[in-house]
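So you can see what is in the structure, the chains are spelled out below.
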Amino acid sequence: MSHAPTQQPVPFREKQPPPPPPALPTKRGGGDPPPRGPKPKRKRHWFRWILSLLLILLLLPIAAAVYVEQNLNRVDALAGYSGRIGDTPGTNWLLVGSDSRTGLTPEQEQSLATGGEVGSARTDTILLAHLPKSGQPTLVSLPRDSYVSIPGHGKDKLNASFAFGGAPLLVQTVEGATGVHIDHYAEVGFGGFASIVDAVGGIDMCLDQPMKDPLAGVDLPAGCQKLNGTQALGFVRSRATALSDLNRMLNQRKFLSALLKKASSPATLLNPFRVWPLLQGTTKALQVDKGTHVWDLALLGKALAGNPIATTVPVGGFEDVDGSGNVLLWDKTRASQFFEALASDKPIPADLVTTVGN
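Below, the discussion takes up the overall build of the protein chain. When its secondary structure is counted, the protein chain shows 10 helices and 15 strands. Across the protein chain, contacts joining residues at least 24 apart in sequence account for 67% of those joining residues at least 6 apart. Summed over all atoms, the accessible surface of the protein chain reaches about 21,300 Å², with 58% contributed by carbon and sulfur.

In C-alpha cells form, the structure reads like this:
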C-alpha cells in the first residue's frame, strides 16, 4: 500500500486591499469635470393653473348672478286693474328715484342732505326706458310736476300718484297718460343711490357751470371732476339751475348713463373690491317688480350703457293750479305723437325729440 505524500504547512497571509481610485481633478487643476447624468424632469402644472383660472372666471359671474337673483327686493308694482292697456311691442321700464329715507340713520340723512323724514315717499326721478325689438333704445324723462290724471284722485302732479298709492298707482298713472304698457319697474332710494356710486369708485362728470344748492347739499365747481355718492345725489336732485326741472332731468339722464357704463366696465367687474360692494349695494337699494329677474336687469343695463336716445316728453308750458302749485303741461298734440311712436315700437320723429340743455 502506498501512502499520500506528506503535506508541508504554508504560513497564512492576509490578502492585500485593492489600490485606491485616482483622485478627481479640481478646477484649479484645469481638468474637465466628469459628465453628469441627466436631471430628472419636473412636472409642469401650468395647464392646471390655466384651467383653474378659466373655471374661476366662468363661475364668478354665475355666482354673482345667483346672489343678485336671490337677494333682489321685489314689490307688487304691476298689479292688474280694470281697463289696463294691453301689451305693446318692445320692452318698457319705469325707472324711479324715490326720496325714501328707509334704512337711513339720522347721521346719514344729515350727510346726504335729505331734509329728514317727510311723510309719504315721493319721486324725484321718473324715467321711461323703451327697449325696441331692434334699433336704438329710448330714455324719456317724465317731469315729476307733469299735470296728469291720477285714477281716483283727479288731476295733480305726476309724483303725487306715488305719494297717494306707491308704485302700483304710479305705474297705472303713467300707463294712462302715455298709452305705453309698462313691463318692468325699478326703484332706488336716496341712501342706495349714494352707496352704489361709492361702490364703483365715483363717477366722472363735467359741469358747464358751478352748482351750489344748499337744499340738495351740493357745492360743485365748473369743470370735470369725480363725484362721490353724496355729491352725485346732490347733483341729480338739484334744481338750482336756469331751467330748473328741465336741467335736472338732463343731469339725471347723463348721470344714469355714466353710472351704468362705469358699473359694467371691466375695471369694475374684474375688481372684487368693487364688484362685491356693488352687488351688495344694488340688492339693498333696488326694488323691482315681482316678474323682474337678474337677466332682465342685465339687458336693461346693456341697452342704457350704450348710446340711447335721451329726451324729454314734449313740454307745452307751465301753469299755477290751485291745490297743486306750479305744474308742467305737456304739449298734447306732440306728446300724443311721441308716445304713439313708442307704443308702436317705431322711431320717434326727430322733431319730437327734446334735448334741453344738450
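Still more to cover.
Once that is clear, we can look at helix α9 (residues 294-305). A rise of 1.5 Å per residue sets the reference length of α9, with its 12 residues, at 16 Å; its end C-alpha atoms lie 16 Å apart and thus fit the reference within 8%. Within the sequence span of α9, burial applies to Val294, Asp296, Leu297, Leu300, Gly301, Ala303, Leu304 and Ala305.

Once that is clear, we can look at the packing of helix α5 (residues 229-237) against helix α6 (residues 245-263). Two elements in contact, α5 and α6, have axes separated by 7 Å at closest approach and are oriented at 140°. Comparing their axes, α6 and α5 come out oblique. Contacts between α5 and α6 involve Ala232, Phe235, Val236 and Arg237 from the first element and Arg248, Asn251, Gln252 and Phe255 from the second. By residue class, the composition of the contact of α5 with α6 is 4 nonpolar, 2 polar and 2 charged.

Once that is clear, we can look at the state of the cysteines. Covalent bonding between the sulfur atoms of two cysteines defines a disulfide. Using the criterion set out here, one finds 1 disulfide in the structure. Covalently, cysteine 206 is tied to cysteine 224 through a disulfide, its sulfur atoms 1.9 Å apart. Torsion about the S-S bond of the cysteine 206 and cysteine 224 cystine: about 100°, corresponding to right-handed handedness. Of this pair, cysteine 206 sits in strand β8 (residues 203-207) while cysteine 224 sits in strand β11 (residues 223-227), and the two are 18 residues apart along the sequence.

Quick look at the pattern of salt bridges now. Under the criterion given, the structure shown has 5 salt bridges. Across the salt bridge formed by glutamate 175 and arginine 84, the nearest N and O atoms sit 2.9 Å from each other. Residue glutamate 175 is found in helix α3 (residues 158-178), and its partner arginine 84 is found in the loop between β1 (73-75) and β2 (91-98); the two are separated by 91 residues along the sequence. The class for glutamate 175 is buried, based on a relative accessible area of 0%.

Leu94, Leu142, Leu170, Tyr185, Trp330, Phe339 and Leu342 are the most contacted members of the largest nonpolar core, which totals 34 residues. The set of elements that each furnish at least two residues to this core consists of β2, β3 (123-131), β5 (147-150), α3, α6, β15 (325-330) and α10 (332-343). By residue number, the principal contributor to this core is α3, which donates 8 residues. Setting aside residues no more than four positions away along its own chain, tyrosine 185 makes contact with Ala77, Leu78, Trp93, Leu94, Val96, Phe162, Ala167, Val171, Gln287, Val288, Asp289 and Thr292.

With that out of the way, let us pick up the pairing of β15. The sheet contact formed by strand β14 (residues 315-321) and β15 spans 6 bridges and is antiparallel. Residue pairing in the sheet places glycine 317 in a bridge with leucine 329 of β15. Counting the residues between successive antiparallel strands, the hairpin from β14 to β15 contains 3 residues, one of them, glycine 323, with a positive phi of roughly 90°.

Attention now goes to the side chain of threonine 354. Relative to the helices and strands, threonine 354 resides in the segment after α10. Since its relative accessible area comes to 19%, threonine 354 is described here as buried. Each residue touching threonine 354, except ones within four places of it in the same chain, is listed here: Arg253, Ala310, Thr311, Thr312 and Pro314.

Pairing in this open sheet of 7 strands is mixed, and the strands run β1-β12-β7-β2-β3-β4-β13 from one edge to the other. Edge positions in the sheet fall to β1 and β13 (309-312), since each has one partner strand and no second. Adjacent strand axes in the sheet meet at a mean angle of 25°, parallel and antiparallel pairs treated alike. By the bridge criterion, 4 bridges tie strand β4 (residues 138-141) to β13 in an arrangement that is parallel. Within β13, the residue paired with valine 140 across the bridge is threonine 311. The strands touched by α6 are β2, β3, β4 and β13; relative to β3, the strand with the most contacts, the crossing angle is about 55°.

We now examine the confidence of the model for the protein chain. Taken over all residues, the pLDDT of the protein chain has a mean of 82, while the share at 70 or more is 80%. Mean pLDDT per element in the protein chain: helix α2 (residues 106-111) is the minimum at 56, and β5 is the maximum at 96.

On the surface, a nonpolar cluster with roughly 1,000 Å² of combined accessible area is contributed by Trp46, Phe47, Ile50, Leu51, Leu54, Leu55, Leu58, Leu59, Ile62 and Val66. Relative to the elements of secondary structure, phenylalanine 47 occurs in helix α1 (residues 46-71).

All right, on to the environment of alanine 343 then. Relative to the elements of secondary structure, alanine 343 occurs in helix α10. Along the chain, alanine 343 and threonine 91 lie 252 residues apart, while their C-alpha atoms are 9.9 Å from each other. With sequence-adjacent residues up to four places away left out, alanine 343 is seen in contact with Thr88, Pro89, Gly179 and Val180.

Right, let's talk about the packing of aromatic side chains for a bit. Geometry of an aromatic ring pair is reported as the spacing of the ring centres plus the angle between the planes. With the rule as written, the count across this model stands at 4 aromatic pairs. Note on tyrosine 67 and tryptophan 276: the rings are 5.0 Å apart at their centroids and 50° apart in plane angle, and the pair reads as tilted. Of this pair, tyrosine 67 sits in helix α1 while tryptophan 276 sits in helix α8 (residues 272-285), and the two are 209 residues apart along the sequence. The exposure class of tryptophan 276 is partly exposed, given its relative accessible area of 42%. Judged by centre distance (5.6 Å) and plane angle (35°), the rings of tryptophan 330 and phenylalanine 339 are tilted. The buried category is assigned to tryptophan 330, whose relative accessible area is 16%. Since its relative accessible area comes to 3%, phenylalanine 339 is described here as buried.

Cut-offs used in this document
Residues numbered from 1 in each chain as written. Predicted model: local features only at pLDDT ≥ 70, side-chain atom pairs only at ≥ 80, totals over all residues. Heavy atoms only, no water. Helix = DSSP H or I, 4+ residues; strand = E, 2+ residues; numbered from the N terminus. Contact = heavy atoms within 4.5 Å. Areas by Shrake-Rupley, 256 points an atom, 1.4 Å probe, with all protein chains shown as cover. Expected span 1.5 Å × (residues − 1). Buried < 20%, exposed > 50% of the residue type's maximum accessible area, 1.4 Å probe, protein only. Axes fitted to C-alpha atoms, helices over the stretch in contact; angles between N-to-C directions. Parallel < 35°, antiparallel > 145°, perpendicular 65-115°, else oblique. Nonpolar A, V, L, I, M, F, W, Y, C, P; charged D, E, K, R; others polar. Disulfide = S-S within 2.5 Å. Salt bridge = Lys/Arg side-chain N within 4 Å of Asp/Glu carboxyl O. Core = buried A, V, L, I, M, F, W, Y, C linked by side-chain atoms within 4.5 Å. Pairing = 2+ DSSP bridges. pLDDT = per-residue confidence, 0-100. Patch = residues over 30% accessible without salt bridge, like charges linked within 9 Å, V, L, I, M, F, W, Y side chains within 5 Å. Phe/Tyr/Trp six-rings, centres within 6.5 Å; stacked < 30°, edge-to-face > 60°.

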